[in-house]
Amino acid sequence: MCDLEVFSKTDIGLVRRENQDSASFSVISSGCVWAVVCDGMGGAAGGKTASSTAVDYIADRLNTAYTDTMPDNQIVDLLINTVEGANRLIYEMAVSDSSLSGMGTTCELVFIKGSRIYVIHVGDSRTYSIRGGKILQLTEDHSMVQEMLRRGEITEEQAMHHPNKNYITRAMGVQPDVRIDYIEAEFSYGDVILICTDGLSNNVSEADMVKIVHENRGVSMIDALVETAKNNGGSDNITVTVIY
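Below or above, wherever it landed, is the structure these notes cover. If you're wondering where the values come from, they're calculated on a predicted model, not measured in any experiment.

## Remarks on the side chain of Arg 126
With respect to the helices and strands, the residue Arg 126 is situated in strand E7 (residues 126–131). Arg 126 gets classed as buried once you look at its relative accessible area, which sits at 12%. Polar side-chain contacts of Arg 126 include one of 2.9 Å to the side chain of Tyr 128. Arg 126 has contacts with Glu 108, Gln 137, Thr 139, Asp 141, Lys 165, Leu 194, Ile 195, Cys 196 and Ser 201, leaving out every residue within four places of it along the chain.

## Side note on the nonpolar core
Soluble, globular proteins show a tendency: their nonpolar side chains are buried together. Judged by nonpolar contacts, the single largest core of 31 residues is most densely connected at Val 36, Ile 58, Leu 79, Cys 107, Leu 109, Phe 111 and Met 172. Breaking this core down by element, the ones donating at least two residues are strand E3 (32–41), helix H1 (46–65), helix H2 (72–96), strand E5 (107–113) and strand E6 (116–122). Sort the elements by how many residues they give to this core and H2 lands first, with eight residues. The contacts of Leu 79, once residues within four sequence positions are left out, are Leu 62, Leu 109, Phe 111, Tyr 118 and Ile 120. If you look at the next biggest cluster of nonpolar residues, it comprises 21 residues, including Tyr 128, Cys 196, Ile 238 and Val 242.

## Let's talk about the sheet that holds E7
Read from one edge to the other, the open sheet built from five strands follows the order E1-E11-E10-E7-E8, with strand pairing classed as antiparallel. Both edges of this open sheet fall to strand E1 (6–11) and strand E8 (134–137), since each of them pairs with a single strand only. Strand after strand, the sheet turns through a mean of 20° between neighbouring axes, direction not considered. As paired elements, E7 and strand E10 (residues 192–196) share five bridges and run antiparallel to each other. Bridge assignment links Thr 127 to a residue of E10, and that residue is Ile 195. Of the strands in this sheet, E7, E8 and E10 touch helix H6 (residues 206–215), which is tilted by about 55° from E7. Lying on the sheet, helix H7 (residues 219–231) is in contact with E1, E10 and strand E11 (238–243); it crosses E11 at an angle near 150°.

## Thoughts on the layout of surface pockets
Left-over empty space is what a probe sized like a water molecule reveals as it rolls over the atoms. The volume enclosed by the largest pocket comes to roughly 370 Å³. Looking at the largest pocket, it is lined by 22 residues, and the ones nearest its centre are Arg 126, Gln 137, Glu 156, Met 160 and Lys 165. Of all the elements in the fold, those that place two or more residues in the lining of the largest pocket are E7, helix H3 (144–150), helix H4 (156–160), helix H5 (198–201) and H6. When grouped by side-chain class, the residues that make up the lining of the largest pocket number seven nonpolar, seven polar and eight charged. Each pocket or cavity is described by its volume, and for the second largest pocket that value is around 250 Å³. Lining the second largest pocket are 14 residues, and of these Arg 16, Asp 39, Gly 40, Met 41 and Asp 236 sit closest to its centre. Broken down by element, the residue count for the lining of the second largest pocket peaks at three residues, all from E3. Tallied by class, the residues present in the lining of the second largest pocket amount to two nonpolar, five polar and seven charged.

## Section: H2
Taking 1.5 Å of rise per residue, 25 residues should cover 36 Å, and H2 covers 37 Å from first to last C-alpha, within 8% of that figure. Taken residue by residue, H2 has Ile 75, Val 76, Leu 78, Leu 79, Thr 82, Val 83, Gly 85, Ala 86, Asn 87, Ile 90 and Ala 94 as its buried positions. Here the buried face of H2 lies against H1, strand E4 (104–105), E5, E6 and strand E9 (181–186).

## Let's talk about the packing of aromatic side chains
Counting across every chain of the model gives three aromatic pairs. Ring plane angle 25° and centroid distance 6.0 Å describe the contact between Phe 7 and Tyr 244, whose orientation is recorded as stacked. Linking Phe 7 in strand E1 with Tyr 244 in the segment after E11, this pair joins segments that are 237 residues apart in sequence. With relative accessibility at 14%, the residue Tyr 244 sits in the buried group. Taken together, the ring pairs in this structure connect Tyr 66, Phe 111 and Tyr 118 into an aromatic cluster.

## What to know about the pattern of salt bridges
Summed over the entire model, instances satisfying the criterion amount to 11 salt bridges. Close ionic contact of Glu 184 with Arg 116 constitutes a salt bridge, the shortest N to O distance being 3.3 Å. Taken together, the residues Glu 184 in strand E9 and Arg 116 in strand E6 connect sequence positions 68 residues apart. Residue class for Glu 184 comes out partly exposed when judged on its relative accessible area of 36%. Of the charged contacts, one joins Glu 215 and Lys 211 as a salt bridge, the two residues approaching to 3.1 Å between their closest N and O atoms. Of this pair, Glu 215 and Lys 211 both sit in helix H6, separated by four residues, roughly a single helical turn. A residue is classified by how much of its surface remains accessible, and Glu 215, at 55% relative accessible area, is exposed.

Criteria and thresholds
- Residues numbered from 1 in each chain as written.
- Predicted model: local features only at pLDDT ≥ 70, side-chain atom pairs only at ≥ 80, totals over all residues.
- Heavy atoms only, no water.
- Helix = DSSP H or I, 4+ residues; strand = E, 2+ residues; numbered from the N terminus.
- Buried < 20%, exposed > 50% of the residue type's maximum accessible area, 1.4 Å probe, protein only.
- Polar contact = N/O pair within 3.5 Å; in protein donor to acceptor, adjacent residues only side chain to side chain.
- Contact = heavy atoms within 4.5 Å.
- Core = buried A, V, L, I, M, F, W, Y, C linked by side-chain atoms within 4.5 Å.
- Pairing = 2+ DSSP bridges.
- Axes fitted to C-alpha atoms, helices over the stretch in contact; angles between N-to-C directions.
- 1 Å grid on protein atoms, 1.4 Å probe; cavity = no way out; pocket = protein on both sides within 12 Å on 5 of 7 lines; lining within 4 Å.
- Points joined across faces, edges and corners; volume = space filled by probe spheres on them.
- Nonpolar A, V, L, I, M, F, W, Y, C, P; charged D, E, K, R; others polar.
- Expected span 1.5 Å × (residues − 1).
- Phe/Tyr/Trp six-rings, centres within 6.5 Å; stacked < 30°, edge-to-face > 60°.
- Salt bridge = Lys/Arg side-chain N within 4 Å of Asp/Glu carboxyl O.

Take a look at the structure:
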């Protein structure tokens, strides 16, 4: 098994006054890593509190509860239970503190072990798999625009520039329970898994993502992705994590 590497970067972008994105990762062993990316929303303090609370809770839980002897079904249960626990914590914080009322966050939690990728997805942050010259979006946005696209009311091109593009239909912390998407996929040596907030995906085309990933490695890869997003407007906080 290859030695997996993880690189991550977050940037405030060129428009926002605060960076409400949060991210973390851990390399557990040569063939086992996890990474989480969250994009917060709500209030003066709410967005950053929601995303950082989610990331801290998930990191602590995975670092203490995961063991290398866990079979697949227990890994899946751990990931789902962890995100559900983070959701409850954020919701309870918002209920108990009026200044945090209405806060929430997206969540992309990616766990790779051997040849399997496990993804827990809430909101409109994304997980992509890049293999060769092809890119596959593993997640589907939980957003108003995505629902309009699914119903055939707008085109892909219209979706890219729709004024309601940032209206998400699911988020962690808004309700006591959260509906999550669980995705499982195959991981092969040479693949690059790219996890990002919409500050990247709204400002960097999939073609440019593939080009940057193929032309760079390590820190230069995430630097180039973030700088491209900023050069194309930097309209939101930008967070990107790559695993390969």
